[in-house]
Amino acid sequence: MNTIELTNLPLRIAITMDGNGRWAELRGKPRIVGHRAGSHTVRRIVRACRRLGVQELTLYAFSEQNWGRPTNEVEGLMTLLEEFLLQERDEILLNRIRLRGIGNLDRLPPPVREALELLSDASREHKGMTLSLALS
Ligand code: FPP
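Everything numeric here is computed off the predicted structure, so don't read it as measured data. Each chain has its residues counted from 1, running along the sequence as written. Given that the model is predicted, a residue must reach a pLDDT of at least 70 before its local features are reported, and side-chain atom pairs must reach 80 or more before they are shown or counted; all residues, however, enter totals for whole chains, interfaces and linings. Excluding hydrogens and water, the side-chain values take into account all heavy atoms of the structure.

Q: What's the story with the site of the ligand in this structure? I'm lost.
A: For the ligand, the set of nearby residues contains 15 residues, the closest of which are D18, G21, R22, R31 and R69. Backbone polar atom of G21 to an oxygen atom of the ligand: 3.0 Å apart, as the coordinates give it. The definition of a polar contact used here is a pair of N or O atoms within 3.5 Å, where within protein one atom must be able to donate a hydrogen and the other to accept one, and adjacent residues in sequence count solely through side-chain atom pairs. At 2.7 Å from an oxygen atom of the ligand is found a main-chain nitrogen or oxygen belonging to R22. The fraction of the free accessible surface of the ligand (620 Å²) that becomes covered by protein chains is 92%. Near, as used in this document, describes a residue that has one of its heavy atoms within 4 Å of the molecule or strand being considered. To be clear on the numbers: accessible area is Shrake-Rupley with a 1.4 Å probe, and residue cover counts the displayed protein chains and nothing else.

Structure, rendered in structure tokens:
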């Protein structure tokens with residue numbers, strides 16, 4: 001199905017980010033390339049959901065088990081997460097999106113935690129759409 005029925009949209013959507021590694025492997029590329037592509041897709045999804053009037057979007061982006069992945073992969077994912085929080089900041093604020101992190105956030109590296117806290121605080125009162133990042 002290629003069309004979206006605008007009169008019958010779900011108000012709440014939750015997405016488990018999955019398949020980035022396989023996407024990259026199929027193309028003979030390192031896993032981090034798949035994660036980067038996944039993080040671009042997520043940006044498009046956030047924009048589309050906001051435009052369509054979705055009230056709550058939850059992204060399961062990094063599970064507790066994911067801490068067990070090789071150090072360079074975890075570091076790469078944390079870098080992508082930080083980039084997302086810094087680069088999307090203005091657009092999130094402009095579009096009145098409320099961003100929040102859920103999960104064991106104390107485990108996140110300080111720069112990621114800080115970027116998340118800053119954006120959560122700055123967007124706390126927004127009513128446009130709630131974007132929850134489920135992390136750790
Ligand atoms: C699943 O793919 C994806 C993840 C474990 C991490 C996704 C997180 C990011 C890309 C970081 C940026 C986050 C945001 C919200 C911008 P997988 O590696 O489990 O794929 P596989 O099942 O093919 O191995």
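That covers the picture; the talk isn't over yet.
Q: What should I look at first to understand the pairing of strand β1 (residues 12–16) in this one?
A: The two faces of the sheet receive side chains in turn, since in a regular strand these alternate between them. A 1.4 Å probe rolled over the protein chains alone gives each residue an accessible area, and that area as a share of the maximum for its type sets the label: buried under 20%, exposed over 50%, partly exposed in between. Counting from the N terminus, the helices are the DSSP runs of H or I reaching at least four residues and the strands are the DSSP runs of E reaching at least two. In terms of burial, β1 is largely open, as just zero of its five residues are buried. For two strands to pair, DSSP has to find at least two bridges joining them. By the bridge criterion, five bridges tie β1 to strand β2 (residues 56–62) in an arrangement that is parallel. Along β2, the bridge assignment pairs R12 with E56.

Q: I would appreciate a short explanation of the packing of aromatic side chains in the present structure.
A: Centre-to-centre distance and the angle between the planes together describe a pair of aromatic rings. Whether two aromatic rings pair depends on their centres lying within 6.5 Å, for rings of Phe, Tyr and Trp, where Trp uses its six-membered ring; planes under 30 degrees apart make the pair stacked, over 60 edge-to-face, and the rest tilted. Considering all chains together, one arrives at one aromatic pair under this definition. With centroids separated by 4.8 Å and ring planes inclined at 75°, the aromatic side chains of F62 and W67 adopt a geometry described as edge-to-face. For the pair formed by F62 and W67, the shared burial category is buried.

Q: What am I meant to see in the environment of I97 here?
A: Relative to the helices and strands, I97 is located in strand β3 (residues 97–102). On a C-alpha basis, the gap between I97 and E56 in space is 9.7 Å, while along the polypeptide they are 41 residues apart.

Q: Please explain the side chain of S123 as it appears in this structure.
A: The topology assignment puts S123 in the loop between α5 (110–122) and β4 (129–135). A distance of 2.8 Å separates a polar side-chain atom of S123 from the backbone oxygen of L119. Residue contacts follow a heavy-atom distance rule, with two residues in contact if any of their heavy atoms lie within 4.5 Å. In contact with S123, other than residues within four places in its own chain, are L93, I97, R98 and L99.

Q: Honestly, the packing of helix α2 (residues 31–52) against helix α3 (residues 71–87) in this entry has me stumped. Any pointers?
A: Put simply, α2 and α3 touch, their axes get as near as 10 Å, and they point 25° apart. Compared by their axis directions, α2 and α3 come out roughly parallel. Relative to α3, α2 is oriented so that their crossing is right-handed. Side by side, α2 and α3 meet where R31, I32, H35, R36, S39, V42 and R43 of the first sit next to E73, G76, L77, L80, E83, F84 and Q87 of the second. In this analysis, axes come from line fits to C-alpha atoms, helices being fitted only over the stretch in contact, and the angle between any two N-to-C directions falls in the range 0 to 180 degrees. Each angle receives one of four descriptions, namely roughly parallel if under 35 degrees, roughly antiparallel if over 145, roughly perpendicular if within 65 to 115, and oblique otherwise. The crossing is said to be left-handed when, going from far helix to near helix, the turn is anticlockwise and less than a right angle, and right-handed when the turn is clockwise.

Q: Would you take a moment to explain α5 for this structure?
A: Given 3.6 residues per helical turn, the α-helix brings residues three or four places apart onto the same face. What a helix should span is 1.5 Å times the count of its residues minus one. For α5, spanning 13 residues, the distance from its first C-alpha to its last is 18 Å, which sits close to the expected 18 Å at 1.5 Å a residue. Looking at α5, one finds that the buried residues are V112, A115, L116, L119 and S120. Projected onto a plane normal to the axis of α5, the buried residues spread over an arc of 130° and lie on a single side. Opposite its buried face, α5 presents the exposed residues P110, E114 and L118, each directed more than 90 degrees away. Where α5 is buried, its residues contact α3, α4 (89–94), β3 and β4. Relevant arc is that of directions from the helix axis to the C-beta atoms, nothing else.

Q: Would you take a moment to explain the pairing of β2 for this structure?
A: Inspection of the sheet shows β2 paired to β4 by six bridges, in the parallel sense. Directly across from L59, in β4, lies its bridge partner L133.

Q: What is the right way to read the pattern of salt bridges from this model?
A: Side chains carrying opposite charge are able to pair once their charged atoms draw close together. Definition used for salt bridges: Asp or Glu carboxyl oxygen within 4 Å of a side-chain nitrogen of Lys or Arg. Summed over all chains, the structure comprises 11 salt bridges. E83 is paired through a salt bridge with R36; the nearest N and O atoms lie 3.3 Å apart. Here E83, found in helix α3, pairs with R36, found in helix α2; they are 47 residues apart in sequence, far enough to count as distant.

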